[in-house]
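Chain residues, written in single-letter form:
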Amino acid sequence: MRYKVTLAYVGTAYAGFQSQINARTIQDEIERALLTIFRKPVRIVSASRTDQGVHAYGQVFHFDAPEKDPRKLKYSLNGLLPGDIHINAVEPVSEEFHARYQVRAKTYAYLINNGERDVFYEKRAFQCHYDLDYAKMEECCELFVGTHDFGSFNTSTYEEHPDQVRTIYVCRLVRRGDRLVLLFKGSGFLRHMVRIMTGMIFEVGRGKKTVAEVREFLEHPCKSKRRYNIDPSGLYLLKIDYMNEEDYRLKKERYLYGER
């Protein structure tokens, strides 16, 4: 049976989601728990390979294993996992479901504390003591909405990802007193893309860059330009939206015929 699992975690103590040699990762913790439950190795496939220090409210993965009651499986996993990882839902799905390839959109949030240093947000938000121009930050956010080549805003090489065109549906600044949240919803994100976009918006807010300079980065993609890759501590994977089975089938057919 194929299971779809939604989970939340605090990424501070981990070297990222994806399994690594000689490093503690979220994938390894989950697979260790699944080994205990099923008494055999079980590999999981995640929707997003979040980086070291990045958190999640709505990460998703799938795995194949013998049939068990999903409710009991959820409780068993939570009983075996560390307290900073929590399984929110376990559900059986079609064998065609794929946690990574069937994604329609991802939503990320970047949290900034723009007031007095808050010890309760240490490693959970970017602690910013600079004065920020919120109007300029909002103007910069508007640049990213739409379909663009984001070659200047990620660290993936063109060898890894020749096509670096992505669509951003939402990019906006939300303010609640000294708490700032940058929201990003897009068709997909390349390595460090959200952090670099956030870094650019942040530098515009500080007056270190202009909106015109960011527009130049967007209109003329270049990997050699200086980019501020902001600290991962404020980044959260909020939600993953999935396409239905028919849309997923059409997507696979387009790729088969070399269409984007």
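Residues numbered from 1 in each chain as written. Predicted model: local features only at pLDDT ≥ 70, side-chain atom pairs only at ≥ 80, totals over all residues. Heavy atoms only, no water.

Caption draft 1: Geometry of the overall build of the chain. On a plain count of helices and strands, the chain comes out with six helices and 10 strands. Its C-alpha radius of gyration of 19 Å places the chain within 12% of the 18 Å reference for a compact globule of 260 residues. Taking the principal axes of its C-alpha atoms as reference, the chain extends roughly 55 × 50 × 35 Å. Residues classed as buried in the chain amount to 49% of the 260 residues present. Partitioning the contacts of the chain with sequence separation of at least 6, the portion at a separation of at least 24 is 71%. For the chain, the accessible surface area stands at approximately 13,300 Å², while carbon and sulfur atoms represent 48% of it. In the chain, 41 side chains carry a positive charge and 35 a negative one; their mean positions are 3 Å apart. (Helix = DSSP H or I, 4+ residues; strand = E, 2+ residues; numbered from the N terminus. Rg over C-alpha atoms; globule rule 2.2 N^0.38 Å. Buried < 20%, exposed > 50% of the residue type's maximum accessible area, 1.4 Å probe, protein only. Contact = heavy atoms within 4.5 Å. Areas by Shrake-Rupley, 256 points an atom, 1.4 Å probe, with all protein chains shown as cover. Lys, Arg positive; Asp, Glu negative; His and termini not counted. Charge placed at Lys NZ, Arg CZ, Asp CG, Glu CD.)

Caption draft 2: Region of interest: the packing of aromatic side chains. Taken as a whole and assessed by the stated rule, the structure comprises 14 aromatic pairs. Ring geometry for Y108 and F189: centres 5.3 Å apart, planes at 85°, overall edge-to-face. You can see Y108 sitting in strand 5 (residues 103-113) and its partner F189 sitting in the loop between strand 9 (179-186) and helix 4 (193-206), a full 81 residues away along the chain. Residue classification places Y108 among the buried positions, given a relative accessible area of 7%. You can call F189 buried: its relative accessible area is 16%. Consider the rings of F202 and Y228, whose centres lie 6.3 Å apart with planes at 45°: the pair is tilted. Of the two residues, F202 is situated in helix 4 and Y228 in the loop between helix 5 (211-219) and strand 10 (235-242); the sequence distance between them amounts to 26 residues. Judged by relative accessible area, F202 falls into the buried class, the value being 2%. One aromatic cluster is present, built from ring pairs that chain together Y3, F38, F61 and F63. (Phe/Tyr/Trp six-rings, centres within 6.5 Å; stacked < 30°, edge-to-face > 60°.)

Caption draft 3: Quick look at the layout of surface pockets. Size it by volume and the second largest pocket reaches roughly 180 Å³. As for the second largest pocket, its lining consists of T12, Q52, G53, E122, K123, A125, F126, Q127, D231, P232 and S233. Here the residues of the lining of the second largest pocket are counted per class, giving three nonpolar, five polar and three charged. (1 Å grid on protein atoms, 1.4 Å probe; cavity = no way out; pocket = protein on both sides within 12 Å on 5 of 7 lines; lining within 4 Å. Points joined across faces, edges and corners; volume = space filled by probe spheres on them. Nonpolar A, V, L, I, M, F, W, Y, C, P; charged D, E, K, R; others polar.)

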